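Analysis of the macromolecular model
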Amino acid sequence: MEESLSRINEVIRQATFQARGSSLKQRKKRDPTRPSARWTASARVGREQGTALAIVLSTIGCAHARSDSGGCTMCSYLLDGVQEMPTSDQIVAQFKFAMKELEMKRAPLSVKIYTSGSFLDNEEIPMEARSEILRLIAEDERIREVILESRPEYVSNSILSSIRELLGDRTIEIGMGLESVSDTVRTICINKNFDLLMFKDALKTAKNYNIGMRAYVLLKPPLLTERDALLDAIATIQEARRLGVTTISLNPVNVQKDTLVEKLWTRGNYRPPWLWSVVEVLREASSISDGWMKIVCDPVAGGKRRGAHNCGKCDTNIVEAIRQFSLSQNPTVLEHLTCDCISQWEHTLNHEDFSLVVHR
Ligand code: SF4
Ligand SMILES: [Zn+2]
């Protein structure tokens, strides 16, 4: 069994690598002192409503995606990065530029640092740049919460102890793409290249420094039916709760450029999840959490062909309800949502497995 799984994984790895094609070499020239993106949004910060600044630093990108392993089947974040490694000073300049967005904002603030890879990877973010960025955050009293993204292999006692020391008693979370509780789904459908044990070890290390874990849960990786994807996401959230994850970020797959998912989608072999599935998973997540975990979801391209979508008529309302839920954590905003297309979704849940027909 193990052997056949690793053979399937090899096929997926090659297909993911090929789907990326030459996009790695065609990355746009960017100003190395400017981040790839930054935006602010209303957000729940602790128990209050405040503002979150999300920053995507422009770096050489995720080591897994740059390697022969091919990266994850749904991810093209690498395209946000640059070919040449920016210097530490340039990375710090990117951060300072993004922080201007917070000039007029009132506490409580949350800062999320994304890198299209791992903020804790020294190859992507040199140690001196990371320390300087955290020092600048520590100077700002309004910032109560900091979220840093990383794969588990870069989580170590030495890095986390220095982060804790620099940020004092602020709430800190490491955002990590657990994606699925199942090693098979994570390996075969996502090509994630780490197992549950690595996630658990990273979580344990984070707990030693009172650092929380924000687990990204992927809804509808390729090669799963709508029903299996829904059940997999719920099982993942259950396990995350058991392990002591502090936040669940539910990420419905969106079709990104030069990915295996895009290849399957253009051939009619993949449909992003229904928004009804997103709502169902969030309702379940809220009940599993019972107030222990924060549950957030911001469906990228929600209501569009490349994102989680329904029939086109009800999408805007449903996406808005999902956003309201993330902000308020109140599951009642997900009740009483309805549309004629709900019966089509139910039909898909009941029959897709039997027919094995993938609808366009
Ligand atoms: S999802 Fe994360 S780990 Fe996977 S390729 Fe993208 S950045 Fe790397
Ligand atoms: Zn509808």
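Quick summary incoming for the structure in this document. These numbers were taken from a predicted model, which means no experiment stands behind them.

Along the backbone of the chain there are 12 helices and 8 strands. The globule rule puts the C-alpha radius of gyration for 360 residues at 21 Å, and the 20 Å found for the chain is close to it. Its C-alpha atoms put the chain at 55 × 45 × 35 Å along the principal axes. Per-residue burial for the chain yields a buried fraction of 45% across its 360 residues. Across the chain, the fraction of contacts at a sequence separation of at least 24, relative to all contacts at a separation of at least 6, is 77%.

Along the chain, Pro 35 turns up in the loop between helix 1 (2–20) and strand 1 (37–45). Of the residues examined, Pro 35 has 25 C-beta atoms within 10 Å and is grouped as buried. Sequence separation between Pro 35 and Val 217 is 182 residues, and the spatial gap between their C-alpha atoms is 26 Å. Excluding its chain neighbours within four sequence positions, the residues that come into contact with Pro 35 are Ile 55, Val 56, Leu 57, Ser 58, Gln 94, Phe 97 and Ala 98.

Turning next to the site of ligand 1. The immediate surroundings of ligand 1 are formed by Cys 62, His 64, Ala 65, Gly 71, Cys 72, Cys 75, Tyr 77, Ser 116, Gly 117, Arg 151 and Gly 177. Within the shell around ligand 1, the residues separate by chemical class into 5 nonpolar, 5 polar and 1 charged.

Here we take up the packing of helix 4 (residues 127–138) against helix 5 (residues 157–167). Helix packing geometry: the angle between the two helix axes and the distance between the axes. Helix 5 packs onto helix 4 with a crossing angle of 30° between their chain directions and a minimal axis gap of 8 Å. Here helix 4 lies roughly parallel to helix 5, going by the angle between them. For the pair helix 4 and helix 5, the contacting residues are Ser 131, Leu 134, Arg 135, Ile 137 and Ala 138 in the first and Ile 163, Leu 166 and Leu 167 in the second. Among the residues making up the contact of helix 4 with helix 5, the classes are represented as 6 nonpolar, 1 polar and 1 charged.

Attention now goes to the environment of Phe 325. Along the polypeptide, Phe 325 turns up in helix 11 (residues 315–328). Residue Phe 325 is classed as buried on the basis of its C-beta count, with 23 C-beta atoms lying within 10 Å. Excluding anything up to four places from it in sequence, Phe 325 contacts Leu 282, Asn 330, Pro 331, Val 333 and Leu 334.

The rules behind these values
- Residues numbered from 1 in each chain as written.
- Chains lettered and ligands numbered in written order.
- Predicted model: local features only at pLDDT ≥ 70, side-chain atom pairs only at ≥ 80, totals over all residues.
- Helix = DSSP H or I, 4+ residues; strand = E, 2+ residues; numbered from the N terminus.
- Rg over C-alpha atoms; globule rule 2.2 N^0.38 Å.
- Buried ≥ 20, exposed ≤ 12 C-beta atoms within 10 Å, placed from the backbone.
- Contact = placed C-beta atoms within 7 Å.
- Near = placed C-beta within 6 Å.
- Nonpolar A, V, L, I, M, F, W, Y, C, P; charged D, E, K, R; others polar.
- Axes fitted to C-alpha atoms, helices over the stretch in contact; angles between N-to-C directions.
- Parallel < 35°, antiparallel > 145°, perpendicular 65-115°, else oblique.

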